[in-house]
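A closer look at the structure
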Amino acid sequence: MSQDAKDLEIARLNAELEFLSDKVSRSEVIAQSLRDIQFQLNSSLGQFSRIHDYAQRAFSVKHERDLFPIITEGIIDCIQLELGAVIRVDFAFQTLRVISQINWDIDISNFALSGEFWKTTQLSQGKALWESPVVSAPWAETNLDSVIFMPFSNKNSTINYIFLGGISKESAAIYAFNPQELLPLFMVYCQQMFGIIDLVDAVSRAQQAAKARASFFANLSHEIRTPMNAIIGMVQIAQRSSDQEEIDRCIDQVGMSGKHLLGLINDVLDISKIEDGKFKLNYISFDLQPVIESIRVTVEQLAAAKSQELSVVYDGVESPRIFGDDMRLTQVLLNLLGNAVKFTPEKGKITLTISEFSRTNTTTTLKFSVSDTGIGIMPEFLARLFKPFEQADSSISRNFGGTGLGLAISQFMVELMGGKITADSTYGKGTTFSFTICFDLDTSNAAPEDSSGAISQEDGVLDLSGHTILIVDDIKINRIIASSFLRDTNVSIEEAVNGAEAVEKMLAAPSGYYTLVFMDVHMPVMDGCTATRTFRNSDSPDALTLPIIAMTASVFNEDIQETLNAGMNGHISKPVDIKIVRDTIRRIVQKT
Amino acid sequence: MLEFYSASVRSVNSERAAGECVEVAFPDGVPKDVRALLFNATLGHKLDKLAAAFNKLLPNVPLYGASGCAVTGREGIGESMHDIGIMAVSGPENEFAASSVADIYGINSYEKALELAQDLKKQNGNINCIYLLCSGIDIDNALVLKAFDDVFGQEVTIFGGTSSDNMRGVFSYQYHGDTMGEHDAFAVGFADPTLHNITRATHGFVAYGQPLIATKTDGCKILEFNGRGAWSEFASRLSKPPESTCGDTIPIGALAEELPEEHANEYGNKHILRVVTKREGETIYYPVTAYDGMKVWTTIRDEDLIFSEQSRSLEYMTAAIGSGKVAAVFQTDCLARGRFLFNRIIKDEIISMMQSAFSRDGEIPPWLGNYGFGEYARLGGINTFHNYSTALLALYRK
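None of the values given here were measured: they were computed from a predicted structure. (Residues numbered from 1 in each chain as written. Chains lettered and ligands numbered in written order. Predicted model: local features only at pLDDT ≥ 70, side-chain atom pairs only at ≥ 80, totals over all residues. Heavy atoms only, no water.)

1. Regarding unusual backbone geometry
Which entries qualify depends on this criterion: Counting from the N terminus, the helices are the DSSP runs of H or I reaching at least four residues and the strands are the DSSP runs of E reaching at least two. Throughout, exposure labels follow a simple rule: accessible area from a 1.4 Å probe, protein chains only, divided by the maximum for the residue type, with under 20% read as buried, over 50% as exposed, and the rest as partly exposed.
Between A:Ala137 and the following residue, A:Pro138, the backbone shows a cis peptide bond with an omega angle of 0°. As for its position among the elements, A:Pro138 is in the loop between β4 (129-131) and β5 (144-153). The linkage connecting A:Lys574 with the following residue, A:Pro575, adopts the cis geometry, with an omega of 0°. Its place among the elements puts A:Pro575 in the loop between β18 (570-573) and α15 (578-591). Residues other than glycine seldom take positive phi values, yet B:Asn60 does so here, at roughly 70°. Inspection of the secondary structure puts B:Asn60 in the loop between α2 (47-57) and β3 (63-68). The phi torsion at B:Asp138 lies on the positive side, around 55°, for a residue other than glycine. One can find B:Asp138 in the loop between β8 (129-134) and α4 (141-152). Judged by its relative accessible area of 11%, B:Asp138 is buried.

2. With respect to the pattern of salt bridges
Let me state the cut-off plainly: Whenever Lys or Arg places a side-chain nitrogen within 4 Å of a carboxyl oxygen from Asp or Glu, that contact is recorded as a salt bridge.
By the definition in use, this model includes 30 salt bridges over all chains. Residue B:Lys46 pairs with A:Glu170 through a salt bridge whose shortest N-O separation is 3.9 Å. Here A:Glu170 lies in the loop between β6 (159-168) and α4 (179-240) and B:Lys46 lies in the loop between β2 (34-42) and α2, a pairing that spans two chains. Overall, the relative accessible area of 30% leaves B:Lys46 in the partly exposed class. Here A:Arg296 makes a salt bridge to A:Glu300, at a shortest N to O gap of 2.8 Å. Here A:Glu300 and A:Arg296 lie together in helix α6 (residues 288-305), a separation of 4 residues that amounts to about one turn. Several salt bridges converge on common partners, so that one network encompasses A:Arg57, A:Glu73, B:Arg16 and B:Glu20.

3. Some points on the nonpolar core
Heads up, the rule is: By nonpolar core we mean a set of buried residues, namely Ala, Val, Leu, Ile, Met, Phe, Trp, Tyr and Cys, connected to one another through side-chain atoms within 4.5 Å. Whether two residues touch is decided by their heavy atoms; if any such pair falls within 4.5 Å, the residues are in contact.
Ranked by size, the top nonpolar core spans 80 residues in total, and within it B:Leu132, B:Phe148 and B:Phe358 carry the most contacts. With 6 residues, α4(B) is the largest single contributor of residues to this core. For B:Leu132, the contacting residues outside a window of four places in its chain are B:Leu116, B:Val144, B:Leu145, B:Phe148, B:Ile158, B:Phe159, B:Gly160, B:Gly161, B:Phe186, B:Ala187 and B:Tyr376. Core analysis: the next-biggest nonpolar cluster, separate from the first, contains 64 residues, A:Ile148, A:Phe163, B:Tyr5 and B:Tyr173 among them.

4. Overview of the side chain of B:Asn40
Residues and elements named next belong to chain B. Definition in use: Polar contact is defined as a pair of N or O atoms within 3.5 Å, subject to the rule that within protein one atom must be able to donate a hydrogen and the other to accept it, and that residues adjacent in sequence are counted only when both atoms are side-chain atoms.
Of note, Asn40 is situated in strand β2. For Asn40, a relative accessible area of 2% gives the class buried. One polar contact links the side chain of Asn40 to the main-chain carbonyl oxygen of Gly369, over a distance of 3.3 Å. For Asn40, the contacting residues outside a window of four places in its chain are Ala66, Val71, Asp83, Ile84, Gly85, Tyr131, Leu368, Gly369 and Asn370.

5. Comments concerning the interface of chain A and chain B
Our working definition: Defined here as a combined quantity, buried area equals the accessible surface (1.4 Å probe) lost by two parts on assembly, summed across both. As a working rule, the residues Ala, Val, Leu, Ile, Met, Phe, Trp, Tyr, Cys and Pro are called nonpolar, Asp, Glu, Lys and Arg charged, and the rest polar, with Gly in that last group.
Counting from both sides, the interface comprises 31 residues of chain A and, opposite them, 30 residues of chain B. Around 2700 Å² of area is buried between chain A and chain B when both sides are counted, 56% of it from carbon and sulfur atoms. Here B:Arg16 ties to A:Glu73 by a salt bridge, and the two come within 2.5 Å at their closest N and O atoms. Our enumeration of links across chain A and chain B arrives at 9 residue pairs in polar contact (both at pLDDT 80 or more). Those elements that provide at least two residues to the side of chain A that touches chain B are α1 (3-59) and α2 (64-79) of chain A. Here the side of chain A that touches chain B gets 17 residues from one element, more than from any other, and that element is α1(A). Along the lines of polarity and charge, the residues of the side of chain A that touches chain B split into 11 nonpolar, 9 polar and 11 charged.

6. Considerations on empty space enclosed by the protein
All names here are of chain B. Going by this rule: Any residue with an atom within 4 Å of a point lines the site, the site being either a cavity, points on a 1 Å grid over the protein atoms alone where a 1.4 Å probe fits but cannot get out, or a pocket, an open set with protein on both sides within 12 Å along at least 5 of 7 lines. Grid points are joined across faces, edges and corners, and a volume is the space filled by probe spheres set on the points.
Counted by the stated rule, this structure contains 4 cavities of 30 Å³ or more. Its boundaries defined by the atoms lining it, the largest cavity holds a volume of some 70 Å³. Residue lining of the largest cavity: 14 residues in total, with Gly136, Ile139, Asn141, Thr277 and Pro287 positioned closest to the centre. For the lining of the largest cavity, the class distribution of residues is 7 nonpolar, 6 polar and 1 charged.

7. Details of a negative patch on the surface
Quick reminder of the rule: Patch membership needs two things, relative accessible area over 30% and no salt bridge, and members are linked within 9 Å if like-charged or within 5 Å if nonpolar (Val, Leu, Ile, Met, Phe, Trp, Tyr). Surface exposure here means Shrake-Rupley accessible area, sampled with a 1.4 Å probe, where a residue is shielded only by the protein chains that are shown. Neither His nor the chain ends is counted toward charge; the positive residues are Lys and Arg and the negative residues Asp and Glu. Charge positions come from single atoms, namely NZ of Lys, CZ of Arg, CG of Asp or CD of Glu.
On the surface, A:Asp243, A:Glu245, A:Asp248 and A:Asp252 cluster together to form a negatively charged patch. Within the fold, A:Asp252 resides in helix α5 (residues 244-276).

8. A look at the confidence of the model for chain B
Note the following rule: pLDDT is defined as a per-residue confidence score from the predictor, taking values between 0 and 100.
This prediction gives chain B a mean pLDDT of 94; 98% of its residues lie at or above 70. For this predicted complex, the interface score ipTM comes out at 0.80, alongside a pTM of 0.65.

9. So, the pairing of β5(A)
Residue and element names in this part refer to chain A. Put simply, the rule is: When DSSP finds two or more bridges between two strands, those strands count as paired.
Counting buried positions over the 10 residues of β5 gives 8, a clear majority of the element. By the bridge criterion, 3 bridges tie β4 to β5 in an arrangement that is antiparallel. What sits directly across from Trp130, in β5, is Ile148. Sheet analysis places β5 next to β6, joined by 9 bridges and oriented antiparallel. Within the sheet, the bridge partner assigned to Val147 lies in β6 and is Gly166.

10. Quick word on the packing of aromatic side chains
Defined as follows: Pairs were defined over the aromatic rings of Phe, Tyr and Trp, the Trp ring being its six-membered one, requiring ring centres within 6.5 Å. Orientation was assigned from the angle between planes: stacked under 30 degrees, edge-to-face over 60, tilted for the rest.
Evaluation of the coordinates by the stated rule reveals 34 aromatic pairs over all chains. Ring geometry for A:Phe117 against A:Phe149: centres 5.6 Å apart, planes inclined by 40°, an arrangement best described as tilted. Of this pair, A:Phe117 sits in helix α3 (residues 115-122) while A:Phe149 sits in strand β5, placing them 32 residues apart in sequence. What makes A:Phe117 buried here is its relative accessible area of 6%. Following the ring pairs from residue to residue traces out a cluster consisting of B:Phe4, B:Tyr64, B:Phe96, B:Tyr131, B:Phe159, B:Phe186, B:Phe190 and B:Phe330.

11. Some remarks on the environment of A:Asp442
Residue and element names in this part refer to chain A. Of note, Asp442 is situated in the loop between β13 (430-441) and β14 (468-472). The class of Asp442 is buried, set by a relative accessible area of 11%. Placed 79 residues apart in sequence, Asp442 and Thr363 show a C-alpha to C-alpha distance of 8.8 Å. Setting aside residues up to four positions removed in sequence, Asp442 forms contacts with Ser285, Arg321, Ile322 and Phe323. In this structure the side chain of Asp442 is engaged in a polar contact, spanning 2.4 Å, whose partner is the side chain of Ser285.

12. Concerning the sheet that holds β3(B)
Residue and element names in this part refer to chain B. Rule in force here: Note on definitions: angles span 0 to 180 degrees between N-to-C directions of axes, and those axes are lines fitted to C-alpha atoms, for helices only across the stretch in contact.
The 6 strands lie next to each other as β1-β6-β2-β3-β10-β11, forming an open sheet whose pairing is mixed. Only two strands of the sheet have a single neighbouring strand rather than two, namely β1 (3-10) and β11 (179-181). Taken pair by pair, the neighbouring strands of this sheet meet at an average axis angle of 15°, ignoring direction. Of the strand pairs in this sheet, β1 and strand β6 (residues 83-90) are connected by 8 bridges, and their pairing is antiparallel. By the bridge assignment for β6, Phe4 is matched with Val89.

Here it is as structure tokens:
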């Protein structure tokens, strides 16, 4: 081979070597790209595994506040960012407050909540947002080069927290900020943690409720023992005393404590129904003004005893006929006005104002305000005013009485009626409670319904000569009390100690012999409902006409309904009120 | 007699990471005669913050730290941004010495390394092996080793390596004497007469194609390859555009220098590798002294070779150790052999292979590793600087 040919061959081989080398280097680039992809996949797997680990850690915490350091740490460890933070949105102060952070070298922990940022965040629709390089408020005032964040909304779609990950300017060269890779991972992480916050929140609320319940029963025990102590103590004093004045004073105290106890039990029953979700409103059509007037009459008596001035102001309101629960409206207003009387000194002023907030063709929204010139409420107590058994201090109960349940019940009832109750007070000057309720207007011409169970104020002479009443109760003292209530009426009283004996007596009696039967429900041998049902199904000529009134300590709606279903004609709750017993008899006698 | 204690953890909180490490490393309490604490950390931890945390836990114990792309310990490899590993040394004062130097660059590598080595020797003339940690960017490691050899003689083993970032070629940090630097170095000398040592480095790359010939050099800087701008020529050879960064080229840009035949046999490869961790315009910062006419080749990795050479290297070391007991293992790895080059399974396999080789009765000896830019290990009886390798030092007692 000639030298030229050799040189040519060498050149050809060199060219081929260069070509092959180029191919090798290109293949190495491709191989490295594949390794990079493999690395990314491995990293992602590792990161999801870390998210799982952090979720498990987060699950194990008991309080929301303990979650935030874990979440912050996870942002760094799972997402592999330099810094992480949990930021609370404070609407009251229009700021963002850093409540947990790692590696974020900042002097400030509060950022002003700019409108533009807020708009963008609210529109994020549950997605993570990012900015790199950071130029916008509020992050621009920090040392951040890149930021990724996601808002956490509660069930009311209110943004409570923002989870943030980022890279500082000084570390920007070390960290890779690739939004396409970061966003899905960050969102998965945040969603996991959002879910856990919800769960922890729910557990925490359940624990608080359990704690509140325990505290409620502790308070209840105290509240029951106080009047019981008075009752038992006064009875012992009366038993040992021969001084009639002292005995009378003891009896008055027993009566007052007994009424307080009854009020407490009624309130507790209301609270119990509220907590069980069994509290229901009974909507009827009624005229507003008579209801308010009835309340005014009741409260006026209390106010008069303290020389207070009670005003009822109808501010542009006539007397609309509306659909609502007049009993519960009355209960709320009596509670608020009763409190006003209690906490207002003698010669003070109490005002009930009813104004129309708005009106449509079919509805009217009424605002009820109860103002007083009383002692007012301390600001620190205003926040917990509506919690059960919350009174500003124990001296309140001692000095003014009350169960501490009234406002909690009132708040619930107002909310059940679709309203919201608020309190505004200046300590030492007075308080105003207000609530607004939207009522449907009754535009029909029908007469308003009679709200059953309304207590009559009438208690005149009752002559029951020639009438016989059967009192059925297994407890002797109950029979004695009922008989005693009617001692002055010349009525003839017969007794039965259980349902079976009552049935026997009713069946044996000639037609029209009994004017009325007061029937207890829970009794041995045969209960009151069975006895009533047995008698109603009998061949007695009075089977369908003899009035049978339940007289029982079973006072829930379903208990009352059960007595009515059994065929009874009415219901009187124990402890029985003499007025109610006599009013009931009077109505029946008048009808017959 | 020197004793060693190690631990490694992953934790984003520097204080907690330090606390956990100390707890794991000293299950029976911290001895009173701890001479130094060496720590390696990935970039999510700031070395000075870690040092402050260690200071609280181990007051008055000198601290020496380095940044890396990953760390290893008895617990395995940690490649997140928040892994740390420690190795503490306790024992008599006369069996230990440590020193550091600031502002070491390519241009003054010999002088600064000489200063460091002389200070170390002044403290203890009986030192028989030295853990050396230098900055990973702009440094002439050949001159650094020459300086140490000039002071201690070639028979004293130098091991360790250079610090790094996470393969971006931007930072590398060192911590010593209560300060954190980017161009500093520290050396820890052991003078325990009962301790023997053996080092070995290995890689698994194969050179191909025509060499790049350095046609213009200045110390450890290469200005031109083949008469053209060094960086463009280098990047072009890797099928990369000239605007590429060192971060882009490190995974595939191992440059191979030919070894003398006697060394090639021991090394299991005809070439020793070099990494480029810095460039300025067309100028490449080479990790050892460059010279005009120097030939370097581009390389590809050979997975089989990586495993077989690793295996051969471990066989050599364990044979030397024989029935001796390993007191501690220091591992320095090239960051490109970490997560950027191997997947997790392969890497775990390599680490497991190494650790089981030095284990006795299933117990892994105290272990500290760093994935940095370069490694020091002996080759052919000479202290040598390597890149893209796994370098191991086992300290053992017969």
